Amino acid sequence: MTGPLHPPGDTTRATAPASAAPTGSRLPHGLRGLAPLLALLALAMLVGLAGSLGYRYSYDTALARQAERGQVQLRLYTQALESELAHYDYVPGLLSLDERIAALLLRPDDAARAARANDYLSALNTRAGTRVIYVLDAHGKVLASSNWQRPDSYLGEALSFRPYFQAAMDGQLGRFYGVGTTRSESGYYLSAPLGERDNPVGVAVVKIGLEPLENRWQGADSQMLLTDENGVVILASDPSWKLAALRPLSPEARERLMRSLQYNRAPLPQLPLTLVRKLNNGNGSSSDELVRLRRGPPMLAQHAALPGTDWQLTLLTNTSQARVAALNTAALAGVLSAFVLLLGAAWNVRRRIVNERLAARAALEAANSELERKVADRTADLSTSNQRLQAEVAERIRAETVLRQAQDGLLQAGKLAAVGQMSTGIAHELNQPLAALRTISGNTGKFLERGDYATVRANLDTIIGLVERMGRITGALKSFARKSGNGRRQARLAEAVDNALFLLQTRVDAVQPALQRDVDPTLAVVCDPNRLEQVLVNLLGNALDALAGQPAPRIALHAHVAGAMVHLTVRDNGAGLSEEAFARLFEPFFTTKPAGQGLGLGLTLSAGILNENGGSLSAANHPDGGACFTLVLPLAPHDANPQDAKHAG
Ligand code: ADP
C-alpha cells in the first residue's frame, strides 16, 4: 500500500531555453554593435543550460544511489519489525492450551478461578515482556487480565467493539494497533480464539508496546514512519509525528475511526508532507517519491509493506548531500562548457586569422605572378625593340658604308674632273719637251757623224733633263689621281702647296700671277696629304680661274697657328664672289663656269674633306676686292714622325 501524495505542481523544474540567441554574422547594420552582447548572452545561456543539465543528471544519479541505500535500510527495518512482531505471535495461542483459562471460561463467575487466571496472566506477562495479556468471553467482556491489580485494569470492560475481538471470534488471528481507551496508551494487539476455532468460547489478547523499536530508529539521519491500514502513523522516529495521518482521511473514515475508538479520539492531524515528484529509479519500485515537509528541503520518501499486515514502513531521507553534489556537478559542467565554448571561440578566431593569412598570401602570390608576367612582357618588348635597334644600327652602318663609298667615289670623280681640267695644260707641258727631244735627238745624230762628241754629250744631258721633267709631271699626276686611303693622317702644309702649284704649273704659267707665299715649311696638319693636295688644287684652281684676264693678278697664301688649329688663307684679287655664288657656294653642282670647265663639286668636296678631319672651310670677299678662302685644320702633334708628313711623290 503506497501513500499517494498530491503533487503541489512541479515548481522546481528549471525550464532552460534550449535555443541559442541568433549570433550569425548577417545581423542588420544597427544591431552589429550588439553582436558581442548577444554572443555573451548566448554563451551565458549555453553555460546555464549545461549547468542545469549537469545538475539534473547528477541530482538524479545521487538520488538513485541514495534510494538504493534506502532500500537496503528499509529492508533491514522491515525484517527487524517483522521478527519483533512474530516474536509474540505464539502468546495468544498459548492461552488456549492453559487449563486455568479454560476453567475460567467454563465458570466465569468463579472468583477463585478468576484469581488463578489473573495470577497466571500476570506471571506470563512479566515473562513474555508484553504490556498486557487478557482474556475475553464470547461477548467481549474481560474475564481476566495481567493488570488486574491496577486501578485502571481492564477487568470487566466490554471490548466487543475492538476489531481484534471480531477477528478472533471469526476464528482468525487478530492484529490491531490501537490506543487504549482507559489510559490512552497505544499498543499492538494480538488476538486468538479460545476453544474451538469454529465456535470460540473466548478470545485471548496480548498488547505489545512498540516503543523499543521506535527507540532503535532514533538517532539515524533519517525519519522512519510506520503507518497502519488507515494510513495513520503508529510509530515514528520523531514522536511528534505519531497518530498523524500520512494521507488525507475522508470524513467517513474519520467518523468510522471515532466510533471504533481505535485511536481513542486522537485528532489525527494531516502530516504537512507535499509530493514534489515521483521517482523512477529503475529498481522496479515506483513507490519512491521526492516530498517536502512544509517549506523544508526535499526528502526522499521510500515505502515498504510489512509482510503479514496491511502496514507500511516509510523511510524519509535528507537529499541535501545529493543537492550539494548536484550543485558541484552543475558548477563543474558550467565551467567546463564555458571552457569548451571559449576554446571553440578561440579556435574559430584562430581559424579566421589563418584563413585571412592564406587569403593575403594568395593575393600576394597573385600580385607577384602578375608582376612577373608584366616584367616578362616588358622584357619581351625590350628585347624586340633591342633587336629592332640592332637591325637599325646595322642598317645605318651599311648605309654609312655605302655613303662613304659614294663619298669616296665622288671625291675621286672630283679629282678626275680636276685632272681633266688640267689635261690640256699637261699635254701642252709634255709636248714642249717631246718636240725638244725630237729636235735635239735629230741634231745629236748629225754631231755624232761629225765626231763632235762634246756637243753629243751636252745634248744627251739635255735629253736626260727633259725626260726627267716629263717623268716628274706624269708622276705628280699619277700621285694626284690615285685613290687616297693609305692610312697616313698627317701632311706638311708647305709641301702640299708645292705639289698643288706643280700640278697647276701650266695654268700658273698662263695667268702668271704674282705669288705671295707665307707658309712655315715645318707646319704639319692632321689630314691625308693626297686629300689636302686635292683641296689646295681646288682653291688655287678657282683663284687662277678668277684671275684669268685680270690686270696684275695676284695670289697670296698665308698660314698661321691659332690655338690647336692651323689657318691657311688663299686670297686672290679677282672679281670676288657674286651674291648668288656666296649663297650657294657649298651646294653640289653649283658653278658659274661654262660647260666643260666646271662641275660645281670642288668646294663641296673640299669642305667635306676638311670637316672629316676636324677642320672647316669658309669664304669671304676681301674689302680690297677679290675672294678669300680660309682653310682650318688641326695642328699635328709635335712628336709626329716627319716621314709621315713626307709627300709620297
Ligand atoms: P667649279 O670650280 O667647278 O665651278 P667650285 O665648287 O670650285 O666649282 O666653285 C663654285 C663656284 O664658286 C665657281 O663657279 C665660282 O663662281 C665661284 N668661285 C669659286 N672660287 C672663286 C674665286 N676665287 N673667285 C670668284 N669666284 C669663285
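Residues numbered from 1 in each chain as written. Predicted model: local features only at pLDDT ≥ 70, side-chain atom pairs only at ≥ 80, totals over all residues. Heavy atoms only, no water.

**Details of the confidence of the model for the protein chain**
Point 1. Here the protein chain shows a mean pLDDT of 85. Residues at 70 or above account for 91%.
Point 2. Every residue in residues 1–25 is under pLDDT 50, and counting partners more than four places away or in other chains gives 37 contacts.
Point 3. Within the model, pLDDT remains below 50 along residues 641–649, and this stretch shows 16 contacts once partners closer than five positions in the same chain are excluded. (pLDDT = per-residue confidence, 0-100. Contact = heavy atoms within 4.5 Å.)

**A look at the nonpolar core**
Point 1. Grouped together as the largest cluster of nonpolar side chains are 59 residues, with contacts concentrated most on Met422, Leu532 and Leu631.
Point 2. Looking at this core element by element, the count peaks at nine residues for helix 12 (residues 529–547).
Point 3. When residues no more than four places from it in sequence are discounted, the contact partners of Leu532 are Ala491, Leu493, Ala496, Val525, Cys527, Leu631 and Leu633.
Point 4. Of all hydrophobic cores here, the second largest spans 49 residues; its members include Leu85, Leu143, Tyr188 and Leu213. (Core = buried A, V, L, I, M, F, W, Y, C linked by side-chain atoms within 4.5 Å. Buried < 20%, exposed > 50% of the residue type's maximum accessible area, 1.4 Å probe, protein only. Helix = DSSP H or I, 4+ residues; strand = E, 2+ residues; numbered from the N terminus.)

**Section: the site of the ligand**
Point 1. In the vicinity of the ligand, 18 residues are found, and the nearest of them are Asn542, Asp572, Thr591, Thr592 and Lys593.
Point 2. The contact in question runs from an oxygen atom of the ligand to an N or O atom on the side chain of Lys593, over 2.5 Å.
Point 3. In the model, an oxygen atom of the ligand is placed 3.0 Å from a nitrogen or oxygen of the Leu599 main chain.
Point 4. When contributions to the shell around the ligand are tallied by element, the ones reaching two or more residues are helix 12, helix 14 (602–612) and strand 18 (627–634). (Near = heavy atom within 4 Å. Polar contact = N/O pair within 3.5 Å; in protein donor to acceptor, adjacent residues only side chain to side chain.)

**With respect to helix 9 (residues 453–481)**
Point 1. Under the 1.5 Å per step criterion, the end-to-end length of helix 9 is 42 Å for 29 residues, consistent within 8% with the ideal 42 Å.
Point 2. The set of residues buried in helix 9 consists of Val456, Asn459, Ile463, Leu466, Met470, Ile473, Ala476, Leu477, Ser479 and Phe480.
Point 3. On its buried face, helix 9 sits against helix 8 (320–450), helix 10 (493–503) and helix 12. (Expected span 1.5 Å × (residues − 1).)

**Digging into the sheet that holds strand 10 (residues 298–305)**
Point 1. Taken in spatial order, the six strands of this open sheet run 7-6-11-10-9-8, and their pairing is antiparallel. Two strands bound the open sheet, and with one partner strand each, they are strand 7 (233–236) and strand 8 (273–278). On average, each strand axis in the sheet is tilted by 30 degrees relative to the strand beside it, whichever way the strands run.
Point 2. By the bridge criterion, seven bridges tie strand 10 to strand 11 (residues 312–318) in an arrangement that is antiparallel. Across the sheet, residue Met299 finds its bridge partner in strand 11, namely Asn318.
Point 3. Most of the contacts of helix 1 (residues 35–86) go to strand 10, to which it runs at about 40 degrees, and overall it touches strand 6 (222–227), strand 8, strand 9 (289–293), strand 10 and strand 11. (Pairing = 2+ DSSP bridges. Axes fitted to C-alpha atoms, helices over the stretch in contact; angles between N-to-C directions.)

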